[in-house]
Amino acid sequence: MAKIGFIGIGKLGLDCAEVMAEKHQVWGYDIYPRTSDLVKVCGIEELVNESEWIFIAVPTPHAEGYDGSVPSSHMEPRDFGHDAVIDAIKNVNKYANDSKKIVLISTVLPGTTRNKFVPLIDSKHQFCYNPYLIAMGSVKWDMAHPEMVIIGTEDGSLTGVAGKLIDLYKTIMQNDPRYEVGTWDECEAIKIFYNTFISAKVGLVNMIQDFALRIGNINVDVVTNALARSTMRIMGPKYMTAGMGDAGACHPRDNIALRWLAKEYDIGYDLFDTVMHAREIQAENLAKYLIKVSEENGNLPIVIHGKAYKPDVEYCIGSYSTLVGHYVTKHGHAELKYIDPLADDPTDVVDNVNCPAVFLWAHNRKITYEYTGNQADTHPYCDILPGSVIVDPWRKLESSSDVKVIHYGNTRGA
Ligand SMILES: NC(=O)c1ccc[n+]([C@@H]2O[C@H](COP(=O)([O-])OP(=O)(O)OC[C@H]3O[C@@H](n4cnc5c(N)ncnc54)[C@H](O)[C@@H]3O)[C@@H](O)[C@H]2O)c1
């Protein structure tokens, strides 16, 4: 049984620490009061003294307005903040009496670990950069079933601490994952380009959705399903359903930050700006479509069904729903509301909708979570009164005699 400390037990760190605690002795420290039945929450000095492994999962925040929930492609690109990681490293240096195995999980741009963090770490410690591919709403499942485990060392070799980290992970993994070992910089790149590849993929399938709407006689699913099955040249089917745009606390902001890196290294072009700009225009197109449907139906109010960036979580950070909402308001539709029992941002969220409305069916639980084995559909968050129209960007709901459903992206026969 290993002795493990987690510095930063927030949205990612606490669940990960609890998965570790099923097999190991785990301490947790946070500047914010936290509780856990499995992890011993304690002060930083006790954590550093007791642990042989120290995982750092503190925030590397983007600046205000850079999360992707409102337009940002027009703003000056900026790097993430590193103060909390630097503070955690300084605390380990300060309180460690012997050599520790330090593992940094937090997301940073390529080059940051080598340039900014490693020079601060006392030479008696060993260090790995080990970013996680984990999503909100399925943190514990993702932790034990990762697509790959990314382990960065100074020269990309499987040095002592990297090998020991793999042995540690073998005690908790339930899917015998791939271990990808590279330099710190390569591993920073694997993590952030993994996220931004997804944004580009979602941007592409949503572009096909935009074309379907303009050209007619096209069901976007017929096109994207054919592409998704083209495993010879393209790839697997995940993120190949057109719908809402890429969202959340990580993906949009990673693209936004890579805009800064592209400029910093004078790459000569900014693909990430293009991806983020396309995401914003796709949201604007959807917003205009909602307004058109509202006007065609006697100016019904518009309600976005799902404000958090995905079902089953409260987080509105980086939400595509609010980005669509931004454009609905910008284009002059005054009566915009959200319905979402979990949303952590209550602005314009209502408990019920007492009149017919145009609903944007933003959440589809099955599409979001079916890879974890959770096949449950999203149930309505409120009564949908007769005369309402649902715009379903996922094209799964069916019309009834009372409520019309429009499959956004399917213009066959339209
Ligand atoms: N949430 C995810 O799904 C996810 C997935 C992959 C990577 N990440 C990355 O992991 C890191 C943490 O993300 P998160 O979502 O858990 O953030 P979070 O804000 O929910 O949690 C971070 C925690 O660290 C604490 N903290 C801040 N400064 C501290 C300090 N100096 N010392 C100790 N604790 C401190 C905060 O109080 C908070 O509880 C980020 O770099 C993020 O990009 C997150």
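The structure reproduced in this document is the subject of the present report. (Residues numbered from 1 in each chain as written. Predicted model: local features only at pLDDT ≥ 70, side-chain atom pairs only at ≥ 80, totals over all residues. Heavy atoms only, no water.)

A few words now on the pairing of strand β5 (residues 101-104). A two-sided burial pattern is seen for β5, the buried positions comprising K101 and V103 on one face and I102 and L104 on the other. Where strand β4 (residues 53-56) lies against β5, 4 bridges are found, and the strand directions are parallel. Across the sheet, residue I54 finds its bridge partner in β5, namely I102. With helix α3 (residues 83-95) bridging β4 and the parallel β5, this β-α-β connection has right-handed handedness. Bridge analysis of β5 against strand β6 (residues 126-129) gives 4 bridges, and the strand direction is parallel. Bridge pairing in β6 places V103 opposite C128. Following the chain from β5 across helix α4 (residues 112-117) to the adjacent parallel β6, one finds a crossover that is right-handed. (Buried < 20%, exposed > 50% of the residue type's maximum accessible area, 1.4 Å probe, protein only. Helix = DSSP H or I, 4+ residues; strand = E, 2+ residues; numbered from the N terminus. Pairing = 2+ DSSP bridges. Right-handed = clockwise from strand over helix to strand, strands pointing away.)

Let us look at the nonpolar core. Soluble globular proteins: nonpolar side chains tend toward being buried together. Among the nonpolar cores identified, the biggest contains 66 residues, and F6, M20, F55, Y169 and V324 are the most heavily contacted of them. At 7 residues, the largest contribution of residues to this core is made by helix α10 (residues 271-296). What Y169 contacts, discounting residues up to four positions off in sequence, is M20, F55, N130, Y132, M143, V149 and Y179. By size, the runner-up hydrophobic cluster in this structure holds 27 residues, among which are I7, C42, L104 and F117. (Core = buried A, V, L, I, M, F, W, Y, C linked by side-chain atoms within 4.5 Å. Contact = heavy atoms within 4.5 Å.)

Another aspect to go through is empty space enclosed by the protein. Taken as a whole and assessed by the stated rule, the structure comprises 4 cavities of 30 Å³ or more. Considering only enclosed or pocket space, the largest cavity measures out at about 100 Å³ in volume. Lining the largest cavity are 13 residues, and of these Y132, P146, M148, V149 and M173 lie nearest its centre. Contributions of two or more residues to the lining of the largest cavity are made by α5 (139-144) and β7 (148-153). Broken down by element, the lining of the largest cavity gets its largest block of residues, 3 residues, from β7. Tallied by class, residues from the lining of the largest cavity come to 11 nonpolar, 1 polar and 1 charged. (1 Å grid on protein atoms, 1.4 Å probe; cavity = no way out; pocket = protein on both sides within 12 Å on 5 of 7 lines; lining within 4 Å. Points joined across faces, edges and corners; volume = space filled by probe spheres on them. Nonpolar A, V, L, I, M, F, W, Y, C, P; charged D, E, K, R; others polar.)

Across all of its chains, the model carries 7 aromatic pairs by this definition. Ring geometry for Y132 versus Y169: centroids 6.4 Å apart, planes at 65°, classification edge-to-face. In this pair, Y132 is assigned in the loop between β6 and α5 and Y169 in helix α6 (residues 160-170), connecting sequence segments 37 residues apart. Just as Y132 is buried, Y169 falls in that class too. Taken together, a centroid distance of 6.2 Å and an interplanar angle of 35° make the contact between F193 and F272 tilted. Remark: F272 occurs in helix α10 and F193 occurs in helix α7 (residues 184-215); sequence separation between them is 79 residues. (Phe/Tyr/Trp six-rings, centres within 6.5 Å; stacked < 30°, edge-to-face > 60°.)

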